[in-house]
Amino acid sequence: MPSRSPTDVPVPEWTSHWREIQPTLAKLRRSMATARTLPIKVMRVSQLDSDILDGELFEILKDQLWAGLSLVKPALKERFEPELLAVLNFVLFKFSVYDTGATYGAGLQNLKYRNEWKHGGALESVAKDAPLTQGQKIAYGVLTIGGQYAWSRANRYITARGWGELDESDTRNKIYRLLQTGEKYWKAFSLLNFLVFLWNGKYRTLIDRILAMRLVYAQKSMNRQVSFEFLNRQMVWHAFTEFLLFLVPLINIEKLKLRMMRTLLPKSYLVSSKGYDKMPENQCVICHDNASGAETGPVGQIPDYTVHNPYRTNCGHIFCYYCIQSKVAVFGDEWPCLRCGERVESIAKVMNKVDDPKSESLKLAGH
């Protein structure tokens, strides 16, 4: 064994052993990188719910913004709507994805974004998630906020100038058709991405897939507590309202209201409350009652409510055929006569007997 000089740095005993096992460790690392691991599972409903919550939050803030602008300058909304929506989206993006790595809806669902480029192969299910890079956050803001603003503003500009109605050889019409084709392809790819998301549950939107931004659980040990109390209440009220929507058309509300009035109020009150019992017999009180709340003509002109095509009710009073038939068709036998308060159960046409002078003279000549 060679002698060691006093000036030599002492070498730990484990150094030689560490060098010896390096080939074995390298082989083990290669095998772990190619080994198949259990993929991480994130509930699809949680990811979709986070998107709905984000949309509801945006709608609430947008309504508040429009309400505030309506008090200052309403025309500002119509003129700068894309810019105002872009500013609102930017504020939400700055305080959510850019600062915390998750939207407000995702945070409520215990979700956050992670850099999926750092979790390939066996690293997909590791305990520590790689945060989003600065470039991913900026690109996400540019595509979501800037892309939406540019598309909305371009559509307004093109529609206002009628590029789609120009000749097909015109460059502006070609740009219009190109944008329409691009929109169709974007929607088609978005639909395809959503179908893939339903299959593997990885990327909720096409932008998330392009930027490799995947929603994962922020706290993996937290269980998703689902309370079915609210769901059960909603289902009960939904079934109840559906039943009411089916039942209400079958119930004659006006007829029921008249029956209650006849039960609770005396007949004398029903007759004397409007004074129709004192009107002349040749005047239709139903016409008068229908016109009481409407304009009856020029000031100073006395309206004429003479009975036309007279029909007599079982209580002996005369009304226009259209008026009395409309009441009977709606209320049935519960409608009370406006003159006496009796229930109108039947109507009959009034037949006026006309005396013919010639027939009278013939009868006298025969005698």
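In the block above lies the structure referred to throughout.
My aim in this report is to walk through the structure given alongside it, one point at a time. Since the model is a prediction, treat every value here as computed from it, not as a measurement. (Residues numbered from 1 in each chain as written. Predicted model: local features only at pLDDT ≥ 70, side-chain atom pairs only at ≥ 80, totals over all residues. Heavy atoms only, no water.)

What follows deals with the overall build of the protein chain. Counting secondary structure elements, the protein chain contains 14 helices and five strands. Each of the 367 residues in the protein chain was classed as buried or not, and the buried ones make up 26%. Within the protein chain, residue pairs in contact and separated by at least 24 positions form 61% of the contacts whose partners lie at least 6 positions apart. Total accessible area on the protein chain stands at roughly 26200 Å², and carbon and sulfur atoms take up 62% of it. (Helix = DSSP H or I, 4+ residues; strand = E, 2+ residues; numbered from the N terminus. Buried < 20%, exposed > 50% of the residue type's maximum accessible area, 1.4 Å probe, protein only. Contact = heavy atoms within 4.5 Å. Areas by Shrake-Rupley, 256 points an atom, 1.4 Å probe, with all protein chains shown as cover.)

Mapped onto the elements of the fold, arginine 204 is located in the loop between α7 (171-200) and α8 (206-211). Buried arginine 204, no salt bridge; nearest opposite-charge side chain is aspartate 208, N-O distance 4.1 Å. Looking at arginine 204, its side chain comes within polar contact range of the main-chain oxygen of glutamine 47, at 3.1 Å. Here serine 50 takes part through its side chain, which lies 2.8 Å from a polar atom of the side chain of arginine 204. (Lys, Arg positive; Asp, Glu negative; His and termini not counted. Salt bridge = Lys/Arg side-chain N within 4 Å of Asp/Glu carboxyl O. Polar contact = N/O pair within 3.5 Å; in protein donor to acceptor, adjacent residues only side chain to side chain.)

The next point concerns the environment of isoleucine 40. Within the fold, isoleucine 40 resides in the loop between α2 (22-34) and α3 (44-72). Given a relative accessible area of 14%, isoleucine 40 falls into the buried group. C-alpha separation for the pair isoleucine 40 and lysine 202, spaced 162 residues apart in sequence, amounts to 9.2 Å.

Below, the discussion takes up the pairing of strand β3 (residues 310-313). Side chains Tyr311 and Thr313 of β3 all project onto a buried face; the interleaved residues Pro310 and Arg312 project onto a face where none is buried. Bridging between β3 and strand β4 (residues 318-320) involves three bridges; their strand directions are antiparallel. Each residue of the ladder has a partner; that of proline 310, found in β4, is cysteine 320. Sheet analysis places β3 next to strand β5 (residues 347-349), joined by three bridges and oriented antiparallel. Opposite threonine 313, over in β5, you have isoleucine 347 as the bridge partner. (Pairing = 2+ DSSP bridges.)

Moving on: the nonpolar core. Judged by nonpolar contacts, the single largest core of 19 residues is most densely connected at Cys284, Val285, Ile286, Phe319, Ile324, Trp335 and Leu338. Contributing elements (two or more residues each) for this core: α12 (285-291), β4 and α13 (321-331). Grouped together as the second largest cluster of nonpolar side chains are 18 residues, Ile40, Ala102, Ile207 and Tyr217 included. (Core = buried A, V, L, I, M, F, W, Y, C linked by side-chain atoms within 4.5 Å.)

Among all residues save glycine, negative phi is the norm, and among peptide bonds the norm is trans. A positive phi angle is found at alanine 212, which is not glycine, with a value near 55°. Turning to its location among the elements, alanine 212 is positioned in the loop between α8 and β2 (213-217). The class of alanine 212 is buried, set by a relative accessible area of 3%. With a phi angle near 50°, asparagine 309 is a residue other than glycine that sits in the positive phi range. With respect to the element layout, asparagine 309 can be found in the loop between α12 and β3.

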